[in-house]
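# Coordinate analysis (summary)
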Amino acid sequence: MASLTFPKHSIPPLLPNQTLSPRHSLFSRNRPIISNSSKSQFYGLKVSYSSSFSIPSSSTSVKGSIFAKVNKGSAPPSFTLKDQDGKNVSLSNFKGKPTVVYFYPADESPGCTKQACAFRDSYEKFKKAGAEIVGISGDDPSSHKAFAKKYRLPYTLLSDEENKVRKDWGVPSDLFGTLAGRETYVLDKNGVVQLIYNNQFQPEKHIDETLKLLQSL
């Protein structure tokens, strides 16, 4: 699971002639900013906070998301990955029928579980449209197997443990590169991308958008 720790930086100096009274001090004992052990888990990201709060300086460099390499109207790079049963599965196996390939951050995280179950609940609609569903994350096959069994997922989950396919396809990251992106691609029966949909924090929306596109093909 991704981890984010806020960096330690010094606080910029006050402006000339500017002072803070103890009553208004950022570090007043009566106004704690962050507790010593504040932690949370959010859509596949574990966030931890240092007991000492600091403000980043203007010179701090931040790495943003990468740009997508796969575009609508193009054929994405091929791949061969292991599924939840440890069998090799290639993208070419799905040629001849519409295919939904969705990249997600991690098994068992709240958003990913919602998304996986939403695909499961609409699986008959995808079958009616003649489409296959393929989920890809960096989890290993045993994790996928347990995840699929626990939530009765009827479709293929593939393990991209080195994140090679994610990089080859150019799936953008979120939260300044700390969280693996959630992006869905719809390929037509010829293997050409007809839809790219990215929405990290509304995972169920991926199902609505892909079904809408598939029903128009």
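Residues numbered from 1 in each chain as written. Predicted model: local features only at pLDDT ≥ 70, side-chain atom pairs only at ≥ 80, totals over all residues. Heavy atoms only, no water.

Summary statistics for the protein chain give a mean pLDDT of 77 and a share of 68% for residues scoring 70 or more. In the predicted structure, residues 5–43 sits below a pLDDT of 50 and forms 52 contacts with residues beyond four places in sequence or in another chain. The low-confidence segment residues 45–68 (pLDDT under 50) makes 59 contacts with residues lying over four places distant or belonging to another chain. (pLDDT = per-residue confidence, 0-100. Contact = heavy atoms within 4.5 Å.)

This part covers the packing of aromatic side chains. Counted by the stated rule, this structure contains eleven aromatic pairs. Look at Tyr102 and Tyr155: their rings are 6.3 Å apart centre to centre, the planes differ by 65°, and that puts the pair in the edge-to-face class. Here Tyr102, found in strand E6 (residues 99–103), pairs with Tyr155, found in the loop between helix H3 (141–151) and strand E8 (156–159); they are 53 residues apart in sequence, far enough to count as distant. The pair Tyr102 / Tyr155 is uniform in exposure class, with both members buried. Residues Phe119 and Phe126 carry aromatic rings whose centres are separated by 5.6 Å and whose planes lie at 45° to one another, so their mutual orientation is tilted. For the pair Phe119 and Phe126, one class covers both residues: buried. Put simply, the rings of Tyr102, Tyr104, Phe119, Phe126, Phe147, Tyr151 and Tyr155 touch in pairs and so form one group of aromatic residues. (Phe/Tyr/Trp six-rings, centres within 6.5 Å; stacked < 30°, edge-to-face > 60°. Helix = DSSP H or I, 4+ residues; strand = E, 2+ residues; numbered from the N terminus. Buried < 20%, exposed > 50% of the residue type's maximum accessible area, 1.4 Å probe, protein only.)

Time to look at the nonpolar core. In this structure, Tyr102, Phe119, Phe126, Leu153, Tyr155 and Leu157 are the most contacted members of the largest nonpolar core, which totals 24 residues. Elements that contribute at least two residues to this core include exactly E6, helix H1 (110–121), helix H2 (123–128), H3 and helix H5 (205–214). By residue number, the principal contributor to this core is H1, which donates five residues. Ignoring anything within four residues of it in the chain, the contact list for Tyr155 reads Gln84, Tyr102, Ala116, Phe119, Arg120, Tyr123 and Ile133. Counting residues in each nonpolar core, the second largest holds 17 residues, with Val70, Val89, Ile136 and Leu158 among its members. (Core = buried A, V, L, I, M, F, W, Y, C linked by side-chain atoms within 4.5 Å.)

Scanning all chains against the criterion turns up six salt bridges. Between Glu108 and Lys150 there is a salt bridge; the shortest N-O distance is 3.4 Å. Of this pair, Glu108 sits in the loop between E6 and H1 while Lys150 sits in helix H3, and the two are 42 residues apart along the sequence. (Salt bridge = Lys/Arg side-chain N within 4 Å of Asp/Glu carboxyl O.)

Inspection of the secondary structure puts Gly111 in helix H1. Distance from Gly111 to Arg182, taken between C-alpha atoms, is 9.6 Å for residues 71 residues apart in sequence.

With that settled, the discussion passes to the pairing of strand E7 (residues 132–137). For E7, the buried fraction is high: five of the six residues fall into the buried class. Bridge analysis of E7 against E8 gives four bridges, and the strand direction is parallel. Counterpart to Val134 in the pairing with E8 is Thr156. On the question of chirality, the crossover connecting E7 to the parallel E8 by way of H3 is right-handed. (Pairing = 2+ DSSP bridges. Right-handed = clockwise from strand over helix to strand, strands pointing away.)

With five of its five residues buried, strand E9 (residues 183–187) lies for the most part within the structure. Burial of the side chains of E9 extends over both faces: Glu183, Tyr185 and Leu187 are buried on one face and Thr184 and Val186 on the other. Across five bridges, the pairing between E6 and E9 is antiparallel. Bridge pairing in E9 places Tyr102 opposite Thr184. Note that E9 and strand E10 (residues 193–198) share five bridges and pair antiparallel.

Glancing now at H5. Those residues of H5 that fall on the buried side of the exposure criterion are His206, Ile207, Thr210, Leu211, Leu213 and Leu214. Down the axis of H5, the buried set is contained in an arc of 160°. They therefore lie on one face. Those residues of H5 that are buried lie in contact with E6, H1, H2, E9 and E10. (Arc of directions from axis to C-beta.)

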